[in-house]
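Next come the chains, spelled out residue by residue.
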Amino acid sequence: MEPQTLFDKIWDAHVVKSVEEGPDVLYIDRHYIHEVTSPQAFGGLRQRGAVVFRPERTTATADHNIPTTDQHLPIRDEVSRAQVETLAMNCQAAGIEHFGIGHPSNGIVHVTGPEMGYTLPGMTIVCGDSHTSTHGAFGTIAFGIGTSEVEMVLATQCIMQTKPARMRITINGSLNKGVTSKDLILYIISSISTGGATGYFVEFAGEAVRQLSMEARMTMCNMSIEMGARGGLIAPDEVTYNYLSEIPAFSESPMAQSLADKWHSLQTDAGAVFDKELHFDASDVPPMITYGTNPGMGMAIDGTIPDAAITDNTSSYNKSLDYMGFRPGMSLLGHPVDYVFLGSCTNGRIEDLRAFAAMVEGRKKAPDVTVLIVPGSQKVAREAEREGLADILRRAGFEMRQPGCSSCLAMNDDKIPPGKYAVSTSNRNFEGRQGPGARTILAGPLTAAAAAVTGRITDPRELMRICDF
Amino acid sequence: MKREKFTILESTCVPLPQSNIDTDQIIPARFLSATSREGFGENLFRDWRFDKEGNRIEGFVLNRPEYKGSILVTGSNFGCGSSREHAVWAIHDHGFRAVVSDSFADIFRNNALNNGLLPVQVTSAELGDLTEQIIRSPETRVKIDLDQQIITIEETGFTASFGINAFKKQCLLQGLDNIDYLLGMKEEIMAFEKNRSL
Ligand code: SF4
């Protein structure tokens with residue numbers, strides 16, 4: 001047999017039918033839904049008199065517009081409340097498992113799926129959310145879809161997709177101290193631009209990727225969409241199986257053994273051909289920040305804003321810098337910061353809270369900064385309490401909020417005011433993403449922590465040197 | 001469900017030559033709370049069209065009376081970012097039926113095709129010519145012929161061809177909907193479930 005890529009193996013095994021000169025009809029193993037992109041899909045189903053075909057393959061969570069304080073009270077915003085209630089009603093009527101606000105399994109859809117053991121190697125996974133690519137960290141084909149496609153999956157457990165081209169990004173070497181997988185992915189996106197992987201499904205490979213924890217891998221795959229990729233995936237290995245075997249729901253299921261057997265075949269064969277190959281060296285990667293209004297506009301934290309970007313035409317580039325209040329040639333070190341946001345499906349997991357807490361331990365929150373620490377899920381929140389991270393944070397003057405997407409897209413009250421600067425561990429620095437006029441600087445959890453205690457953009461390696469990490 | 005058929009579209013155009021226009025600009029997240037598909041056009045490009053007080057920003061192209069029509073001509077990597085189909089609904093609801101660019105984000109392209117909004121991808125040079133022509137002469141009429149897969153301007157002789165998946169093209173031309181197609185495949189899907197290997 002011809003050597004195959006992991007992507008091809010999984011894709012081909014899920015093709016129900018290849019439409020002549022058309023897309024493939026792809027079977028979907030797991031479907032996640034949330035309150036914002038599903039109501040019109042259920043509405044569409046009702047209009048055509050169709051029912052949910054395989055309710056057991058769909059799992060719902062409320063995350064995008066829920067408040068992150070007082071979750072036990074009714075949601076104040078009427079429209080958001082209606083959306084959250086509509087999700088609950090739709091799920092109940094269709095027999096779909098639903099983790100509503102306040103439920104012990106509630107959280108951001110891309111945080112809860114993996115932690116519950118629902119995301120497993122070899123699967124096809126979709127969700128009406130572009131960061132579904134997160135689940136690729138487990139060796140799955142996972143990607144975001146629109147609401148019409150959510151309706152397709154509800155109705156038939158299938159969608160129609162043209163097979164994307166294959167790209168492999170190999171990262172050799174090891175990451176330096178003070179550098180996280182968030183920095184690595186921001187580095188890659190800034191090198192290839194936000195459209196650099198459009199039309200491709202990307203496999204991340206190489207020594208540096210193998211060394212990453214599952215959570216760090218999720219952060220990378222999460223942001224593969226920010227370089228335009230349909231999704232990103234990483235072949236499963238010991239790290240994957242060790243992570244899964246700690247989840248009782250998985251390790252006690254019959255799936256566990258059969259997957260362990262299958263795992264060795266879930267690899268790209270030697271000699272398999274990719275449509276495009278890129279190589280990076282992890283030791284070149286510094287802590288990164290963004291200076292503009294797309295995730296490709298990133299630079300080393302101690303660098304200077306370039307004169308022009310690789311992706312944008314000049315007017316777009318200048319508009320972007322104007323929006324941020326920056327100029328070419330500027331260094332951002334020491335630039336005052338008004339807000340810090342730790343959270344989102346990119347960096348709202350327990351390891352991110354650990355990294356943040358380790359950095360702020362023994363320090364104090366800077367007085368002029370508002371800091372939002374939003375765990376990605378109820379489970380992360382419980383774990384943070386159990387490990388004593390929450391105490392460390394409280395002692396340093398921080399407060400933990402309740403889980404949700406929060407300031408990542410600011411559909412709830414967690415908005416950054418116009419003109420204010422926010423160092424955010426989320427994934428998008430688009431104009432107005434965190435509130436109208438908000439200025440977002442994307443970074444990893446260590447850089448966010450450094451900003452939270454200094455009130456300025458600070459190289460996390462500086463603080464690490466002082467406290468001799 | 002039957003959809004509007006797309007065959008030939010002839011219209012003036014609205015030029016918006018910015019690259020990397022993301023779906024948060026097309027429709028900001030705070031307008032996504034509705035549970036129906038209607039009415040999103042009102043908030044299309046909301047923060048570019050209106051200031052904080054809700055006043056129209058006169059310079060923005062959608063507020064300029066000389067530029068109107070059902071074809072939006074944009075910059076590279078249009079529709080990147082979130083998967084929100086609301087972006088397509090907003091563009092469609094505002095009255096656009098086609099978007100022309102030299103590249104589209106993947107999810108946006110699918111969403112557009114699923115809603116009868118035609119993504120027309122031309123080369124960068126063609127996009128440049130087209131944009132320049134429209135900005136200079138807003139009254140320029142552009143014709144998009146889906147069956148022939150060409151976009152033309154009669155007066156200037158401008159012609160560019162564009163690609164589209166043959167199946168999707170038929171769906172648009174005949175106003176067919178993919179969900180109906182899939183619903184018709186239930187037997188095959190169930191057979192697949194029984195025999196699957198992975
Ligand atoms: S945390 Fe942000 S990126 Fe992730 S699912 Fe929520 S809104 Fe989307």
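The structure presented is a predicted model; accordingly, all values stated were derived computationally and were not measured. Residue positions are given per chain, counted from 1 along the sequence in the order it is written. Key to labels: chains lettered from A, ligands numbered from 1, both in the order written. Predicted model: local features are reported for residues with pLDDT of at least 70 only, side-chain atom pairs are reported and counted for 80 or more only, and whole-chain, interface and lining totals are derived from all residues. To obtain the side-chain values, all non-hydrogen atoms of the structure were included, while hydrogens and water were left out.

## Brief notes about the site of the ligand
Residue and element names in this part refer to chain A. The condition that has to hold: Proximity is defined per residue: any heavy atom of the residue falling within 4 Å of a molecule or strand makes that residue near it. Points on a 1 Å grid, built from protein atoms alone, make a cavity when a 1.4 Å probe fits but cannot get out and make a pocket when they are open with protein on both sides within 12 Å along at least 5 of 7 lines; residues with an atom within 4 Å of a point are the lining residues. Cavities and pockets are treated as containing a molecule whenever more than half of the molecule's atoms lie within 2 Å of their grid points. Gly falls in the polar group here, along with every residue not listed as nonpolar (Ala, Val, Leu, Ile, Met, Phe, Trp, Tyr, Cys, Pro) or charged (Asp, Glu, Lys, Arg). As used throughout, domain bounds are those supplied by an automatic or database domain assignment.
Close to the ligand lie His64, Ile108, His110, Asp129, His131, Ser344, Cys345, Cys405, Cys408, Leu409, Asn427 and Arg433, which account for all nearby residues. Placement of the ligand is best described as lying within the largest cavity. Taken together, the residues that form the shell around the ligand break down as 5 nonpolar, 5 polar and 2 charged. Here the shell around the ligand spans two domains, since at least three of its residues come from each of domain 1 (6-162 + 238-246) and domain 3 (289-467).

## Details of the pattern of salt bridges
Worth spelling out the cut-off: We define a salt bridge as a contact between a side-chain nitrogen of Lys or Arg and a carboxyl oxygen of Asp or Glu at a distance within 4 Å. Numbered from the N terminus, helices here are DSSP runs of H or I no shorter than four residues, and strands are runs of E no shorter than two. Note on classification: 1.4 Å probe, protein chains only; a residue is buried when its accessible area is under 20% of the maximum for its type, exposed when over 50%, partly exposed between these limits.
Going through the model one piece at a time under the given rule, you end up with 34 salt bridges over all chains. Residue Asp8 of chain A pairs with Arg166 of chain A through a salt bridge whose shortest N-O separation is 2.4 Å. Placement of Asp8 of chain A in helix 1 (residues 6-13) and of Arg166 of chain A in strand 9 (residues 165-172) is noted, with a sequence separation of 158 residues between them. Residue Glu383 of chain A is joined to Arg386 of chain A by a salt bridge in which the shortest nitrogen-to-oxygen separation is 2.8 Å. Highlighted residues: Glu383 of chain A and Arg386 of chain A, both in helix 15 (residues 378-386), separated by 3 residues, approximately one helical turn. Take Arg386 of chain A: its relative accessible area is 63%, and that puts it in the exposed class. Members of the salt-bridge network, linked through shared partners, are Arg48 and Glu151 of chain A together with Arg3, Arg37, Glu85, Asp177 and Asp180 of chain B.

## Some words on the sheet that holds strand 4 (residues 98-101) of chain B
All names here are of chain B. Applicable threshold: Pairing between strands requires that DSSP locate at least two bridges from one strand to the other. Axis definition: a line fitted to C-alpha atoms, over the contacting stretch in the case of helices. Angles run 0 to 180 degrees between N-to-C directions.
Reading across the sheet, the 4 strands line up as 2-3-4-5 and stay open at both edges, with parallel pairing between neighbours. Pairing within the sheet leaves two strands with one partner each, and these edge strands are strand 2 (13-16) and strand 5 (118-121). Shown here is a sheet whose adjacent strand axes are inclined to one another by a mean of 20°, direction ignored.

## Some details on the confidence of the model for chain B
As a reminder, the rule being used: Per-residue confidence from the predictor is reported as pLDDT, a score between 0 and 100.
In this model, chain B carries an average pLDDT of 94, and 99% of its residues clear a pLDDT of 70 or more. For this predicted complex, the interface confidence comes out at an ipTM of 0.92, alongside a pTM of 0.95.

## A few points about the nonpolar core
Here is the rule: Nonpolar core, defined: a set of buried Ala, Val, Leu, Ile, Met, Phe, Trp, Tyr and Cys residues in which side-chain atoms within 4.5 Å join the residues together.
In this structure, Phe356 of chain A together with Phe45 of chain B are the most contacted members of the largest nonpolar core, which totals 112 residues. Two domains each put at least three residues into this core: domain 1 (6-162 + 238-246) and domain 3 (289-467) of chain A. If you look at the next biggest cluster of nonpolar residues, it comprises 51 residues, including Met167, Ile189, Ile234 and Met288 of chain A.

## Some remarks on empty space enclosed by the protein
All names here are of chain A. Here is the rule: Grid points are joined across faces, edges and corners, and a volume is the space filled by probe spheres set on the points.
This model, assessed by the stated rule, comprises 5 cavities of 30 Å³ or more. Volume-wise, the largest cavity comes out at about 210 Å³. Around the largest cavity, the lining is made up of 23 residues, and of these His64, Asp129, His131, Leu409 and Arg433 lie nearest the centre. When residues of the lining of the largest cavity are traced back to their parent elements, those giving at least two are helix 4 (109-115) and helix 13 (344-347). Looking at the lining of the largest cavity residue by residue, the classes come out as 8 nonpolar, 11 polar and 4 charged. Lining the lining of the largest cavity are residues from two domains, each supplying at least three of them: domain 1 (6-162 + 238-246) and domain 3 (289-467).

## Side note on the packing of aromatic side chains
Threshold: Stacked, tilted and edge-to-face are the three classes applied to pairs of Phe, Tyr and Trp rings, where Trp contributes its six-membered ring and a pair requires centres within 6.5 Å; stacked means planes under 30 degrees apart, edge-to-face means over 60, and tilted covers the rest. In our convention, an over-ring charge means Lys NZ or Arg CZ found within 6 Å of a ring centre and within 35 degrees of that ring's normal.
Summed over all chains, the structure comprises 16 aromatic pairs over all chains. When the ring of Tyr27 of chain A is compared with that of Phe192 of chain B, the centres are 5.3 Å apart and the planes differ by 40°; the resulting orientation is tilted. Here Tyr27 of chain A is found in strand 2 (residues 24-27), whereas its partner Phe192 of chain B is found in helix 8 (residues 186-195) on a different chain. The residues Tyr27 of chain A and Phe192 of chain B share a single accessibility class, namely buried. Between the NZ or CZ atom of Arg30 of chain A and the centre of the ring of Tyr118 of chain A, over which it lies, the distance is 4.9 Å.

## Quick word on the interface of chain A and chain B
Formally: In this analysis, two residues are considered to be in contact whenever any of their non-hydrogen atoms come within 4.5 Å of each other. Reported buried area values correspond to the accessible surface (1.4 Å probe) lost by two parts on association, with both partners' losses combined. Side-chain atoms alone can form a polar contact between residues adjacent in sequence; in general such a contact is a pair of N or O atoms within 3.5 Å, and within protein one must be able to donate a hydrogen while the other accepts it.
At the junction of the two partners, chain A supplies 72 residues and chain B supplies 56 residues. Here chain A and chain B share an interface that buries about 5200 Å² over both sides, 57% of which is from carbon and sulfur atoms. It is Gln40, Arg48 and Met160 of chain A in chain A that bury the most area against chain B; as a group they hold 13% of the surface buried on that side. Viewed at the interface, chain B and chain A are joined by 6 salt bridges. The residue Arg48 of chain A makes a salt bridge to Asp177 of chain B at a minimum N-O spacing of 3.1 Å. Here chain A and chain B share 30 residue pairs in polar contact (both at pLDDT 80 or more) between them.

## Describing the environment of Arg210 of chain A
All names here are of chain A. Within the element layout of this structure, Arg210 appears in helix 7 (residues 207-210). On the basis of relative accessibility, which here comes to 32%, the residue Arg210 falls in the partly exposed class. If we skip the residues at most four places from it in the chain, Arg210 touches Arg217, Ile234, Ala235, Asp237 and Val239.

## Structural notes on the sheet that holds strand 8 (residues 158-161) of chain A
All names here are of chain A. Strand order across the open sheet formed by 3 strands is 1-2-8, with antiparallel pairing between neighbours. This sheet does not close on itself; its edge strands, each paired only once, are strand 1 (15-18) and strand 8. Averaged over all neighbouring strand pairs, the angle between strand axes comes to 20°, with direction disregarded. In terms of strand pairing, strand 2 meets strand 8 through 4 bridges, oriented antiparallel. In the sheet register, Tyr27 faces strand 8, and the bridge partner there is Cys158. Contacts from helix 1 reach strand 1, strand 2 and strand 8 within the one sheet, and its direction differs from that of strand 1 by about 85°.

## Quick word on the packing of helix 14 (residues 350-360) of chain A against helix 15 of chain A
Residue and element names in this part refer to chain A. Keep this limit in mind: Angle categories are assigned with fixed cut-offs, so that under 35 degrees is roughly parallel, over 145 is roughly antiparallel, 65 to 115 is roughly perpendicular, and the rest are oblique. In this scheme, a crossing is called left-handed if the near helix is turned counterclockwise away from the far one by less than a right angle; it is called right-handed if the turn is clockwise.
Two elements in contact, helix 14 and helix 15, have axes whose closest approach is 9 Å; the angle formed by their N-to-C orientations is 40°. Accordingly, the angle class assigned to the pair helix 14 and helix 15 is oblique. At the point where helix 14 passes helix 15, the crossing takes the right-handed sense. Contacts between helix 14 and helix 15 involve Ile350, Leu353 and Arg354 from the first element and Val380, Glu383 and Ala384 from the second. Among the residues forming the contact of helix 14 with helix 15, the class breakdown is 4 nonpolar, no polar and 2 charged.

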